[in-house]
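Remarks on the overall topology
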Amino acid sequence: MSGGGFIDDNGTETLFMCYLYIVIGPLAIFASLINLSVFLLDKRMRTTYILNIALYFGEIGNGISYIMTGYGRGALYYQGIFGNETTVHDCFFNHNWPIPLIMGTEIPAMLVVVISFERILAVTKPAWFNRNWKISTKLFFIFLVIVLQVLSIIVASYSAKNNYRTVNSGHCAIIDSTSKAYSTIHFTLIALAYVISFVSLVIVYLATRTKHSPKESRPRNSGLTKRQQLLLMIFFTASSVVLISAPGALMMGVLWELFAASDIAVGIIYSSTAFNTLVTTTINICLREDYRRQISKFLHCNFSERKISGITFVTSHAVSIKELGFSMRTRETNSYHTSCTLEITVNSTKSTKRSKYNVQYCKSKQRLIQADNLD
């Protein structure tokens, strides 16, 4: 067996792989577009989750790489030349999908590392984080990721130039389009990025669990507390460790001729990076109240509003609000802050829920500062 070690069959498995990529790519793009719509159309989420927005753009690029790969390999198959031997140089410079494949995996991996670092800082160094972690800081890291990606592509092209190592088919995967050293480093670093991020997040979450009250108030610019955001990132990286490391393990085994892989195995296992986008979207829907609220707005749910003491509460059910009395009045930065306790009853078709909230309200700016559930 030469080169990459892909099993040559009668073509049915190859077509399965190609059509699977052409299907899973648009699904991943659609899931990423949902995420982008949620974050971009809300001003507070748009500024808070800049790095996540960049990540979803990167995952759109990953989805596009699947479409290009499926279409390109399918075209070679129908031309009757998919099973012909070729070289690393030819794969990289004469086919249009190796570079998107590289970018589709490296950009999300680098951004996940940055987002994990952000979440760790937010929990372990909250004062420093609130003071120094600005929009400009996030944009700097996005720019850094772009620079590193450009450098990676330059190194990949250098490793492929005049590299006439023979590969046994027109797969032209990353392992067939770059040197063995580059491919090994590429897949190893991607796996390490997710594993290290996951382990670091878990360690920080466990180490800081006694330092945070279970009733930690939610920040104004986010639907989740910093600790909840950390936990959410743990779920994201946990799924990524499995779904994104698996293709790397497969490709390394094929590259170093530890085993051969059929196109069905390549199609299913390598699709897991796109499937990971669907998983993270599902996690967002299941675990993020602010995410679901934005989707409800898109679907034009019939929200109702109730006001008391100038404070507006929005709900999709009928509500009644009872003011239990003011408890504090202070003056900060020329603005009067009023704190009061409200009892809010939400009546839905399934049940009636009554909760008490401690509300801080800024009268001069006519906006809600925070509302903490007292139950």
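A quick note: this is a predicted structure, and the numbers were derived from the prediction, not measured. (Residues numbered from 1 in each chain as written. Predicted model: local features only at pLDDT ≥ 70, side-chain atom pairs only at ≥ 80, totals over all residues. Heavy atoms only, no water.)

Remarks on the pattern of salt bridges
Considering all chains together, one arrives at 3 salt bridges under this definition. The closest approach of N and O atoms between Arg 119 and Glu 118, which form a salt bridge, is 3.6 Å. A relative accessible area of 7% means that Arg 119 is categorised as buried. Across the pair Glu 118 and Lys 138 runs a salt bridge, and its minimum N-O distance is 3.9 Å. Within this pair, whereas Glu 118 is found in helix 5 (residues 98-124), its partner Lys 138 is found in helix 7 (residues 135-160), the two being separated by 20 residues in sequence. The same class applies to Glu 118 as to Lys 138, namely buried. Among the charged side chains, a salt-bridge network with shared partners connects Glu 118, Arg 119 and Lys 138. (Salt bridge = Lys/Arg side-chain N within 4 Å of Asp/Glu carboxyl O. Buried < 20%, exposed > 50% of the residue type's maximum accessible area, 1.4 Å probe, protein only. Helix = DSSP H or I, 4+ residues; strand = E, 2+ residues; numbered from the N terminus.)

What to know about the side chain of Ser 65
Mapped onto the elements, Ser 65 comes out in helix 3 (residues 50-78). Since its relative accessible area comes to 0%, Ser 65 is described here as buried. At 2.5 Å, the side chain of Ser 65 and the backbone oxygen of Asn 62 are in polar contact. Each residue touching Ser 65, except ones within four places of it in the same chain, is listed here: Pro 100 and Leu 101. (Polar contact = N/O pair within 3.5 Å; in protein donor to acceptor, adjacent residues only side chain to side chain. Contact = heavy atoms within 4.5 Å.)

Topic: the packing of aromatic side chains
Per the counting criterion, the structure on display carries 12 aromatic pairs. An angle of 75° between the planes, with centres 5.3 Å apart, marks the rings of Tyr 21 and Tyr 66 as edge-to-face. Residue Tyr 21 is located in helix 1 (residues 12-40), and its partner Tyr 66 is located in helix 3; the two are separated by 45 residues in the primary sequence. Given a relative accessible area of 1%, Tyr 66 falls into the buried group. The interplanar angle of 65° and the centroid separation of 6.0 Å between the aromatic rings of Phe 117 and Trp 133 together place this pair among those described as edge-to-face. (Phe/Tyr/Trp six-rings, centres within 6.5 Å; stacked < 30°, edge-to-face > 60°.)

Focus: the UniProt feature "transmembrane region" (unreviewed entry) in the protein
Under the local residue numbering, the UniProt record ascribes the feature "transmembrane region" (unreviewed entry) to residues 20-41, 48-68, 97-118, 139-160, 185-208, 229-256 and 268-287. The straight-line gap between the two end C-alpha atoms of residues 20-41 is 32 Å; of that span, 95% is helix and 0% is strand. The annotated region residues 139-160 carries 100% helix and 0% strand content, and the separation between its end C-alpha atoms amounts to 32 Å. (UniProt positions renumbered as here; feature names shortened; annotations may be inferred.)

Here's the deal with the environment of Arg 288
Along the chain, Arg 288 falls in the loop between helix 12 (272-287) and helix 13 (289-298). Along the chain, Arg 288 and Gln 229 lie 59 residues apart, while their C-alpha atoms are 9.4 Å from each other. Of the polar contacts made by the side chain of Arg 288, one reaches the side chain of Tyr 49; its length is 2.8 Å.

Quick look at helix 11 (residues 263-270)
Turning to helix 11, its buried residues are Asp 263, Val 266, Gly 267 and Tyr 270. Angularly, the buried residues of helix 11 cover 95° about the axis, an arc narrow enough to put them on a single face. (Arc of directions from axis to C-beta.)

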